[in-house]
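Okay, here's what each chain looks like letter by letter:
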Amino acid sequence: MNGKSIHPNISRERLVEVAAGQNPIAAILGCADSRVPVELLFDTGLGDLFVVRSAGNTAFTAAIGSLEYAVSHLGVSLIIVLGHERCGAVTAALDLSAHLTPSLSKVVGQVRMELMAAGAMDDLDKACRINALRSAQSLADSSVLITDRLRQGRLEIETAYYDLDTAEIDWLGAVKPTALN
Ligand SMILES: [Zn+2]
């Protein structure tokens, strides 16, 4: 936030160390937006974070499968779903007249459905936060493996919101499987 980065774990030694195996400290489901490069935002290096990104940080099937891998094979016990300010996918979801290709409308349609269900179609900033929370909730409910780990207290899913103007991160809270809420 003050413009100073440590740039840890990017040495040749680190490269050699993680080439033999990875042990990331957390997994992140983030947006594909070029202004939200997760490893840079958290000032991390090689082997530190297991990152899945897609437009609108949606919990789509390949993302859920990738995160299941991080949890079951790499021992990750923290997943962060990271939404952000002025997200293009959320902006498109709020614009009912947007012309989208079939594949893009699947992504945007999922975001729109969640926002409509949450009654958050009128305010972009609020919608970006709600989208991150809904995506995290969907992740908590869509995978037997992830749901079980959450129940057992072996996994935590936290939701966060990144401010493009200040680089601040708002922590929006942890999610639990719906059945436990
Ligand atoms: Zn975005």
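Please refer to the structure higher up on the page.
The structure reproduced in this document is the subject of the present report. Predicted model, so just to flag it, every value in this text is computed and none were measured.

1. Observations regarding the pairing of strand β5 (residues 169-175)
Two faces, one strand: in a regular strand the side chains alternate between the faces of the sheet.
Okay, step 1: Across 6 bridges, strand β4 (residues 156-162) lies against β5 in antiparallel orientation. Opposite I157, over in β5, you have V175 as the bridge partner.
Okay, step 2: Counting the residues in the hairpin turn of β4 and β5 gives 6 residues, including A167, whose phi is positive at 70 degrees.

2. Considerations on the coordination of the zinc ion
Okay, step 1: The coordination sphere of the zinc ion, as far as protein atoms go, consists of C31 (SG), H84 (NE2) and C87 (SG), spread over 2.0 to 2.3 Å.
Okay, step 2: Sequence spacing of the donors to the zinc ion: C-x52-H-x2-C. Taken together, the positions of C31 in the loop between β1 (26-30) and α2 (38-41) and H84 in strand β3 (residues 78-84) put the pair 53 residues apart, joining distant regions of the chain.
Okay, step 3: Given the relative accessible area of 4%, C31 is considered buried.
Okay, step 4: In this structure H84 comes out as buried when scored by relative accessible area, which is 1%.

3. Focus on the nonpolar core
Okay, step 1: With 22 residues, the main nonpolar core has A27, L29, L67, I79, L139, I146 and I157 as its most contacted residues.
Okay, step 2: Among the elements that make up this core, the one with the highest residue count is helix α3 (residues 61-74) (6 residues).
Okay, step 3: Excluding anything up to four places from it in sequence, L67 contacts A27, L29, V52, I79 and L139.

4. A short note on the environment of T44
Okay, step 1: Locating T44 in the fold gives a position in the loop between α2 and β2 (49-53).
Okay, step 2: Between the alpha carbons of T44 and A70 there is a distance of 17 Å; along the sequence they are 26 residues apart.

5. Let's talk about the state of the cysteines
Each disulfide is one covalent bond, formed between the sulfur atoms of two cysteines.
Okay, step 1: This structure, assessed with the given rule, holds 0 disulfides.
Okay, step 2: Just so you know, C128 is unpaired, no disulfide at all, and the nearest cysteine sulfur is the one on C87, 5.4 Å from it.
Okay, step 3: With relative accessibility at 2%, the residue C128 sits in the buried group.

6. Thoughts on the packing of aromatic side chains
Okay, step 1: This structure, assessed with the given rule, holds 1 aromatic pair.
Okay, step 2: Aromatic pair F50 and Y69: ring centres 6.2 Å apart, planes at 40 degrees, arrangement tilted. Placement of the pair is F50 in strand β2 and Y69 in helix α3, with a sequence separation of 19 residues.
Okay, step 3: Over the ring of Y161 we find R129, and its NZ or CZ is 3.9 Å from the ring centre.

7. Some words on the sheet that holds β1
Okay, step 1: Spatial strand order, β2-β1-β3-β4-β5: 5 strands in an open sheet with mixed pairing. Only two strands of the sheet have a single partner each, and these edge strands are β2 and β5. Between one strand axis and the next, the sheet turns through 25 degrees on average, direction left out of account.
Okay, step 2: Inspection of the sheet shows β1 paired to β2 by 5 bridges, in the parallel sense. Pairing of I28 across the sheet is with V51, part of β2.
Okay, step 3: Against the sheet, α3 touches β1, β2 and β3, its axis set at about 170 degrees to β2.

Calculation criteria
- Residues numbered from 1 in each chain as written.
- Predicted model: local features only at pLDDT ≥ 70, side-chain atom pairs only at ≥ 80, totals over all residues.
- Heavy atoms only, no water.
- Pairing = 2+ DSSP bridges.
- Helix = DSSP H or I, 4+ residues; strand = E, 2+ residues; numbered from the N terminus.
- Donors = N, O, S within 2.8 Å, 3.2 Å for Na, K, Ca; no water.
- Buried < 20%, exposed > 50% of the residue type's maximum accessible area, 1.4 Å probe, protein only.
- Core = buried A, V, L, I, M, F, W, Y, C linked by side-chain atoms within 4.5 Å.
- Contact = heavy atoms within 4.5 Å.
- Disulfide = S-S within 2.5 Å.
- Phe/Tyr/Trp six-rings, centres within 6.5 Å; stacked < 30°, edge-to-face > 60°.
- Lys NZ or Arg CZ within 6 Å of the ring centre and 35° of its normal.
- Axes fitted to C-alpha atoms, helices over the stretch in contact; angles between N-to-C directions.

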